[in-house]
Amino acid sequence: MQYKRHDYFRHSFDKPLSATFRILVEGSSNESNPGNCMLLDISTGGTKLVSSLDIPTDTGPVRLRLNFVLYEANINVVGEIVWKRRGIDGIRYGIKFTEDASTEKLILDELKLRRRTEIGVAAERKD
């Protein structure tokens, strides 16, 4: 099997993670009011989220500014909707983050801290 450099490790949340998003208006510095969503999984390259809001994607690419906390740090990242599917829990979206090395490192560091905490809690339950 060949290693693909841009294949990202994906962390799925046991319980979806609360987040907010704003739609970025193309060709302007304007943004929509914040909307609520839940992150279902995340990698340094993107995330899968679910929202009750139906974001129109038929007129062209839609960029979002997502805001969430994985462990301690407030993460603010821009991404583009790459797919959209209706589900029983709302509308699911696949978001590809705009590549930014510092944001990728922050997400990876926060995921490591979160995972250590999750493993620690799981070990305490077994005792």
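Residues numbered from 1 in each chain as written. Predicted model: local features only at pLDDT ≥ 70, side-chain atom pairs only at ≥ 80, totals over all residues. Heavy atoms only, no water.

**Student:** Is there a simple way to think about the packing of aromatic side chains in this case?
**Tutor:** How two aromatic rings sit relative to each other is given by the distance of their centres and the angle of their planes. Following the criterion strictly, the structure yields zero aromatic pairs and no others. Note that R85 overlies the ring of W83, its terminal NZ or CZ placed 4.1 Å from the centroid. (Phe/Tyr/Trp six-rings, centres within 6.5 Å; stacked < 30°, edge-to-face > 60°. Lys NZ or Arg CZ within 6 Å of the ring centre and 35° of its normal.)

**Student:** What is the right way to read the pattern of salt bridges from this model?
**Tutor:** Between side chains of opposite charge, a pair can form as their charged atoms come close. Counted under the stated rule, the structure contains eight salt bridges. For D41, the salt bridge identified is with K48, shortest N-O distance 3.8 Å. What makes K48 partly exposed here is its relative accessible area of 26%. Across the salt bridge formed by R92 and D89, the nearest N and O atoms sit 2.8 Å from each other. Given a relative accessible area of 40%, D89 falls into the partly exposed group. Where salt bridges share partners, they join R10, D41 and K48 into one cluster. (Salt bridge = Lys/Arg side-chain N within 4 Å of Asp/Glu carboxyl O. Buried < 20%, exposed > 50% of the residue type's maximum accessible area, 1.4 Å probe, protein only.)

**Student:** Any chance you could explain the sheet that holds strand 2 (residues 35-42) here in plain terms?
**Tutor:** The strands making up a sheet are joined through hydrogen bonds of the backbone, oriented either antiparallel or parallel. Spatially, the six strands close up into a barrel ordered 1-2-3-6-5-4, and their pairing is antiparallel. Averaged over neighbouring strand pairs, the angle between their axes works out to 45 degrees when direction is ignored. Relative to strand 5 (residues 74-87), strand 4 (residues 63-69) runs antiparallel, the two being bridged by seven bridges. For N67, the partnering residue across the bridge sits in strand 5 and is N76. (Pairing = 2+ DSSP bridges. Helix = DSSP H or I, 4+ residues; strand = E, 2+ residues; numbered from the N terminus. Axes fitted to C-alpha atoms, helices over the stretch in contact; angles between N-to-C directions.)

**Student:** I keep staring at the nonpolar core and nothing clicks. Help me out?
**Tutor:** The nonpolar side chains of a soluble globular protein tend to be buried, and buried together. In this structure, I42, L66, F68, L70 and I95 are the most contacted members of the largest nonpolar core, which totals 23 residues. Of all the secondary structure elements, the ones that give two or more residues to this core are strand 1 (11-24), strand 2, strand 4, strand 5, strand 6 (90-97) and helix 1 (101-126). Discounting residues that sit within four places of it in the chain, I42 has contacts with F9, R10, H11, F13, T47, F68, L70, F97, I107 and L111. (Core = buried A, V, L, I, M, F, W, Y, C linked by side-chain atoms within 4.5 Å. Contact = heavy atoms within 4.5 Å.)

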